[in-house]
Number of protein chains: 2
Amino acid sequence: MRIKEILNTAAINSTITAEGWVKTKRELKGFSFIEISDGSTMNGLQVIIDGNLADYEAIIKKLNTGAAVTATGLVVESPGKGQRIELQAKAVTVHGEADPETYPLQKKRHSFEFLRTIGHLRGKTNTMGAVMRVRNACATAIHQFFQERGFIWAHTPIITASDCEGAGEMFAVTNFDLANPKRTKEGAVDYAEDFFGRPAYLTVSGQLEAEVMAMAFKDVYTFGPTFRAENSNTSRHLAEFWMVEPEMAFCDIVGDQDLAEEFLRYIFKYVLEACPEDMEFFNKRIDNSVLATAQNIIENEFARITYTEAIALLEKSNKTFEFPVEWGIDLQSEHERYLAEDLFKKPLIVSNYPKDIKAFYMRLNDDQKTVAAMDVLAPKIGEIIGGSQREERLDVLERRIQEMNIEAADLWWYLDLRRFGTVPHAGFGLGFERLVQFMTGMGNIRDVIPFPRTPLNAEF
Amino acid sequence: MRIKEILNTAAINSTITAEGWVKTKRELKGFSFIEISDGSTMNGLQVIIDGNLADYEAIIKKLNTGAAVTATGLVVESPGKGQRIELQAKAVTVHGEADPETYPLQKKRHSFEFLRTIGHLRGKTNTMGAVMRVRNACATAIHQFFQERGFIWAHTPIITASDCEGAGEMFAVTNFDLANPKRTKEGAVDYAEDFFGRPAYLTVSGQLEAEVMAMAFKDVYTFGPTFRAENSNTSRHLAEFWMVEPEMAFCDIVGDQDLAEEFLRYIFKYVLEACPEDMEFFNKRIDNSVLATAQNIIENEFARITYTEAIALLEKSNKTFEFPVEWGIDLQSEHERYLAEDLFKKPLIVSNYPKDIKAFYMRLNDDQKTVAAMDVLAPKIGEIIGGSQREERLDVLERRIQEMNIEAADLWWYLDLRRFGTVPHAGFGLGFERLVQFMTGMGNIRDVIPFPRTPLNAEF
């Protein structure tokens, strides 16, 4: 039985076996308390070890913070406050000790920076434990949301030969010896001799392939790692990060907005219900606005305005922004936060952005100036979702590709989708770590993924 | 409403809107039938278009196989057999046509080889549609199985710096220009200047990192893509394939076997219930043993024998095998199939293999000759799961690493897990595409993943 189950459901006077790692030990006269944890919940199980237990002294000596232990005994009511029960141990097995002299996770608080250097142990701390449980709950909520609605999980590829979206920030994948790649007579790298017979990369998005699948299954979603070789050593960037990308056929930009709103509300609600103790912990220890932010998202209908309206509101604001406001600019974080936090005080969807600041595949509006793009902005958070209706008209898409100087040869199959049974379709992308950060208030993206990959770091 | 829902639940005389792509059209005197599909089910919805509909001639001309259409009308009882209802269209919108002269998916049957060349369209065929629905159901069953049991989905990294398991078959990941990587004064590739400051690869398994997480959360599982740069152009190999890898702390080889058995049974049961029509299709069209195989797995307790017993049974068999049987050999497919199919006639778990044919991390048994490894073999299928109890004793693990000449420097963190709170733990790996093949009877692994990556092929 997991400790979460034991704490919630174990009957008084029943005999149970608990397994976990020692968080704390208190030696008293004639008996000791240990608190053990197995990562299933923030709370530990208190175990009382009586001095009469065989080998008491030897066992207690081994039961230091970090030791792995199995304890069998009687469930009794706890006289302590904040806990329903405790365990009176009848038998204790210590599997592996943790030497207090060398074990890095002693009781004192550690900085997140330090914990990143012991990524193989940091999951045992309260904060990282709570983060990973919330991350798991978010992931489960995402699958459940889409599966309940009949979406197919689209397993789009990690390795891709198309770099039309990458703009030089894609990792190369090769089976060549880097010291000595095969070369043509002219001395160029001979990609025909590499594993895939052509240059290959790590994907930056599963969207184009998700569109393929939406044309067969109507509603699909991707959920998995994507990559960017951007040399940004910041608290907001990872080289390997997870994305969720739903794609819906027979859907326009309004349906896209509806889904995004329903989706966010569902996930926040799910996590509040699945991880109440962890969320309270974050609210108390990390960021005292996370519960209010979650409630705001759950309870309020999102506002919806156009980009053009957003620009007008920003111009009317009389605020001085670092980046001056005029029609055509990309909205900056300061603009987005003003709109969501100060003006609307709730989540906000901005749509129909100028075509020149958006991707080639977004659907051109009738004004010929804007595209059917949308961003979801949330108070305290800023942009959390970006999406669009896709250009389903072959001639318009071909023109846009040409205008933007994109290599069309690799996109023959993407264009084919517009040739055979094309239909209005739309989708969006959500950065999963960004979501977990918003949910938990964790300030550094490296602390919401188990094994962060960043410039000069691929440890563990 | 999706077509699956319409077929199952739409009330007679209700007015509904259906969306999908035309599978077939039959023009009769004064009206036409079209069958439309949206990938939600094997079955299409029959739509009757009356000759009195405005623009009847023009619309019918556009409604060829592959065209995208929205039809609104009245649900009526179907006089045809095999279908509960049909739709009497009152309004029809054709979104995108599909020219019969150029659209590759006409009614006739296509070979799977041909369909692989149009990977962007093949999801629209009956077989690939059924495969992807079953694949999605398998994936959902996997998450549900583990989440119900309190496991955490461990998001282990794709990019790794450790190659201790790869043995030269790992893809390199780099941000260097392959034509001109940075070099040291001596002319070697200067990995310190590459993105991660060291050689980096695509992972072949998330197991080592899953062990990290099991030491914090007790029970975890990975589920995602893994990679192998093996130049094998066969129907059984992919360069990018999905793996499921549960890892359990406080668990031995017997608990591992119990979980594997429960897990397989759960997935097969789930898929039979979630996709009955698709499974019947596979049984009828692809392999007439898939339903019996699934029932065999669901209904029978798995047999359990040791490797040594397996060798004795093979020696007693009086069969002539291509690979001669003696203690110490790796079991070949012919041996595994004889045991599961001919002898036990049900799934079989073989455990405790010779240490010399298994990986360094598997737990050494007291006989010093075998390790606590296990393989699950199934009739018609062969090996479907491989797992082991892991070596949790630091001294034994260090000795094994040395004996097997494995570079230990990169494994400092893996060894640390044995230094601090080590505990018996175990896990297994299941090749996800292999599972989908077994489930569906599909002969080529390239036909059970949406976008296969194989030697010389990374198209779409």
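Residues numbered from 1 in each chain as written. Chains lettered and ligands numbered in written order. Predicted model: local features only at pLDDT ≥ 70, side-chain atom pairs only at ≥ 80, totals over all residues. Heavy atoms only, no water.

A. Quick peek at the overall build of chain A. The helix and strand tally for chain A stands at 13 helices and 16 strands. For chain A, the C-alpha atoms occupy an extent of roughly 85 × 65 × 45 Å along the three principal directions. Among the 460 residues that make up chain A, the fraction classed as buried is 60%. In chain A, once contacts between residues fewer than 6 apart in sequence are set aside, the share between residues at least 24 apart is 67%. Summed over its atoms, the accessible surface of chain A is roughly 18300 Å², and 47% of this surface lies on carbon and sulfur atoms. If the 51 positive side-chain charges of chain A are averaged to one point and the 67 negative ones to another, these points end up 6 Å apart. (Helix = DSSP H or I, 4+ residues; strand = E, 2+ residues; numbered from the N terminus. Buried < 20%, exposed > 50% of the residue type's maximum accessible area, 1.4 Å probe, protein only. Contact = heavy atoms within 4.5 Å. Areas by Shrake-Rupley, 256 points an atom, 1.4 Å probe, with all protein chains shown as cover. Lys, Arg positive; Asp, Glu negative; His and termini not counted. Charge placed at Lys NZ, Arg CZ, Asp CG, Glu CD.)

B. Region of interest: the interface of chain A and chain B. Residue-level contacts link 107 residues of chain A with 107 residues of chain B. For the chain A and chain B pair, buried surface summed over both sides reaches about 8700 Å², with 65% attributable to carbon and sulfur atoms. Where chain A touches chain B, the interface holds 6 salt bridges. For Arg198(A), the salt bridge identified is with Glu459(B), shortest N-O distance 3.7 Å. Counting the contacts that link chain A with chain B gives 37 residue pairs in polar contact (both at pLDDT 80 or more). Here strand 8 (residues 172–174) of chain A runs beside strand 8 (residues 172–174) of chain B; their pairing, made up of 3 bridges, is antiparallel. Looking across to strand 8 of chain B, one finds that Ala172(A) is bridged to Thr174(B). (Buried area = accessible area lost by both parts, 1.4 Å probe. Salt bridge = Lys/Arg side-chain N within 4 Å of Asp/Glu carboxyl O. Polar contact = N/O pair within 3.5 Å; in protein donor to acceptor, adjacent residues only side chain to side chain. Pairing = 2+ DSSP bridges.)

C. A look at the domain arrangement of chain A. Residue and element names in this part refer to chain A. According to the domain assignment, chain A contains domain 1 (1–94), domain 2 (124–166 + 203–445) and domain 3 (170–201). Computed from C-alpha coordinates alone, the two centres of domain 1 and domain 2 are separated by 45 Å. Opposite the 8 residues of domain 1 that make contact, domain 2 presents 8 residues. Overall, the association of domain 1 and domain 2 removes approximately 570 Å² of surface from exposure, summing both partners, and the carbon and sulfur fraction of that is 42%. Summed over the shared surface of domain 1 and domain 2, the result is 0 salt bridges. Counting the contacts that link domain 1 with domain 2 gives 3 residue pairs in polar contact (both at pLDDT 80 or more). (Domains from an automatic or database assignment.)

D. Just helix 10 (residues 333–344) of chain B, in detail. Residue and element names in this part refer to chain B. The first and last C-alpha atoms of helix 10 sit 15 Å apart over 12 residues, in line with the 16 Å expected at 1.5 Å per residue. Inspection of helix 10 places His335, Glu336, Tyr338, Leu339 and Ala340 among the buried residues, and these make up the whole buried set. For helix 10, the elements touching its buried residues are helix 9 (307–316), strand 13 (348–354), strand 14 (370–378) and strand 15 (382–389). The first or second residue beyond helix 10 is Lys345, which carries a positive phi of 55°. (Expected span 1.5 Å × (residues − 1).)

E. Structural detail: the sheet that holds strand 4 (residues 68–77) of chain B. All names here are of chain B. Spatially, 1-2-3-5-4 is the arrangement adopted by the 5 strands of the closed barrel, whose pairing is mixed. Neighbour to neighbour, the strand axes of the sheet diverge by 55° on average, direction disregarded. In terms of strand pairing, strand 4 meets strand 5 (residues 85–96) through 10 bridges, oriented antiparallel. Its bridge partner lying in strand 5, Thr72 is registered against Ala91. (Axes fitted to C-alpha atoms, helices over the stretch in contact; angles between N-to-C directions.)

F. Highlighting the relation of the copies chain A and chain B. When chain A is fitted onto chain B, the two copies agree to an RMSD of 0.0 Å after a turn of 180° and an axial shift of 0.0 Å. Viewed as a symmetry operation, the transformation between the two copies matches a two-fold axis. Measuring from the rotation axis to each C-alpha of chain A, the shortest distance belongs to Val173(A), at 2.4 Å. Here 100% of the interface residues in chain A have copies in chain B that are interface residues too; the copies meet face to matching face. (Least-squares fit on C-alpha atoms with pLDDT ≥ 70 in both.)

G. Here's a closer look at the nonpolar core. Ranked by internal contacts, the top residues of the largest apolar core, which has 227 residues, are Leu435(A) and Leu435(B). If we skip the residues at most four places from it in the chain, Leu435(A) touches Cys138(A), Ile142(A), Leu264(A), Ile267(A), Phe268(A), Ile384(A) and Leu430(A). (Core = buried A, V, L, I, M, F, W, Y, C linked by side-chain atoms within 4.5 Å.)

H. Structural detail: the pairing of strand 2 (residues 31–37) of chain A. Residue and element names in this part refer to chain A. Buried residues dominate strand 2, accounting for 5 of its 7 residues. The sheet contact formed by strand 1 (residues 15–28) and strand 2 spans 7 bridges and is antiparallel. Paired with Glu27 across the two strands is Ser32, which belongs to strand 2. Taken together, strand 1 and the strand that follows it, strand 2, pair antiparallel across an intervening segment of 2 residues, in which Gly30 is found at a positive phi of about 85°. With 6 bridges connecting them, strand 2 and strand 3 (residues 45–50) associate as antiparallel partners. In the sheet register, Ile36 faces strand 3, and the bridge partner there is Leu45.

I. Representation of the sheet that holds strand 4 (residues 68–77) of chain A within the structure. Here 5 strands make up a closed barrel; going around it, the order is 1-2-3-5-4 (chain A) and the pairing mixed. The average angle at which neighbouring strand axes cross in this sheet is 55°, direction not considered.

J. Quick look at the packing of helix 11 (residues 394–403) of chain A against helix 12 (residues 412–419) of chain A. Residues and elements named next belong to chain A. Contact geometry of helix 11 with helix 12 gives a least axis separation of 9 Å together with a crossing angle of 155°. Considering the angle they form, helix 11 stands roughly antiparallel to helix 12. On the side of helix 11, the interface is formed by Leu394, Leu397, Glu398 and Ile401, while helix 12 contributes Tyr414, Leu415, Arg418 and Arg419. Residue composition of the contact of helix 11 with helix 12, grouped by class: 5 nonpolar, no polar and 3 charged. (Parallel < 35°, antiparallel > 145°, perpendicular 65-115°, else oblique. Nonpolar A, V, L, I, M, F, W, Y, C, P; charged D, E, K, R; others polar.)

K. View of the packing of aromatic side chains. Under the counting rule described, the total for this entry stands at 53 aromatic pairs over all chains. Geometrically, the ring pair formed by Trp413(A) and Tyr414(A) is edge-to-face, given 6.2 Å between the ring centres and 85° between the ring planes. Residue Tyr414(A) is classed as buried on the basis of its relative accessible area of 0%. Ring geometry for Tyr307(B) against Tyr353(B): centres 5.3 Å apart, planes inclined by 45°, an arrangement best described as tilted. Taken as a pair, Tyr307(B) in helix 9 and Tyr353(B) in strand 13 lie far apart in primary sequence, 46 residues in all. The ring of Tyr414(A) is capped by Arg418(A), whose NZ or CZ atom sits 4.1 Å from the centre of that ring. (Phe/Tyr/Trp six-rings, centres within 6.5 Å; stacked < 30°, edge-to-face > 60°. Lys NZ or Arg CZ within 6 Å of the ring centre and 35° of its normal.)

L. Representation of unusual backbone geometry in the model. Residue and element names in this part refer to chain A. A positive phi angle, near 60°, is found at Asp55, a position not held by glycine. Inspection of the secondary structure puts Asp55 in the loop between strand 3 and helix 2 (56–62). In the Ramachandran plot, Asn405 falls in the positive-phi region, its phi being about 55° despite a non-glycine side chain. As for its position among the elements, Asn405 is in the loop between helix 11 and helix 12. A residue is classified by how much of its surface remains accessible, and Asn405, at 70% relative accessible area, is exposed.

M. The arrangement of the environment of Leu238(A) in detail. Residues and elements named next belong to chain A. Inspection of the secondary structure puts Leu238 in the loop between strand 10 (219–227) and strand 11 (240–249). The exposure class assigned to Leu238 is buried, which follows from its relative accessible area of 7%. Filtering out sequence-adjacent residues up to four positions away, Leu238 remains in contact with Arg228, Glu433, Ile445, Arg446, Ile449, Pro452, Arg453 and Thr454.

N. A look at the environment of Val423(B). Along the chain, Val423(B) turns up in the loop between helix 12 (412–419) and strand 16 (425–431). For the pair Val423(B) and Ala249(B), spaced 174 residues apart in sequence, the C-alpha separation works out to 6.6 Å. Setting aside anything within four residues of it in sequence, one finds Val423(B) in contact with Trp21(A), Ala68(A), His95(A), Met215(B), Ala249(B), Phe250(B) and Glu392(B).

O. Broad picture of the pattern of salt bridges. Residues and elements named next belong to chain A. One pass over the structure, following the stated rule, counts 51 salt bridges over all chains. In this structure, the salt-bridge partner of Glu262 is Arg149, at a minimum N-O distance of 2.8 Å. Linking Glu262 in helix 6 (residues 253–274) with Arg149 in the loop between helix 4 (126–148) and strand 6 (152–153), this pair joins segments that are 113 residues apart in sequence. Arg149 gets classed as partly exposed once you look at its relative accessible area, which sits at 23%. Note that Lys319 is salt-bridged to Asp342, the shortest N-O span being 3.9 Å. Taken as a pair, Lys319 in the loop between helix 9 (307–316) and helix 10 (333–344) and Asp342 in helix 10 lie far apart in primary sequence, 23 residues in all. Taking relative accessible area as the criterion, Asp342 reaches 37% and is therefore assigned partly exposed.

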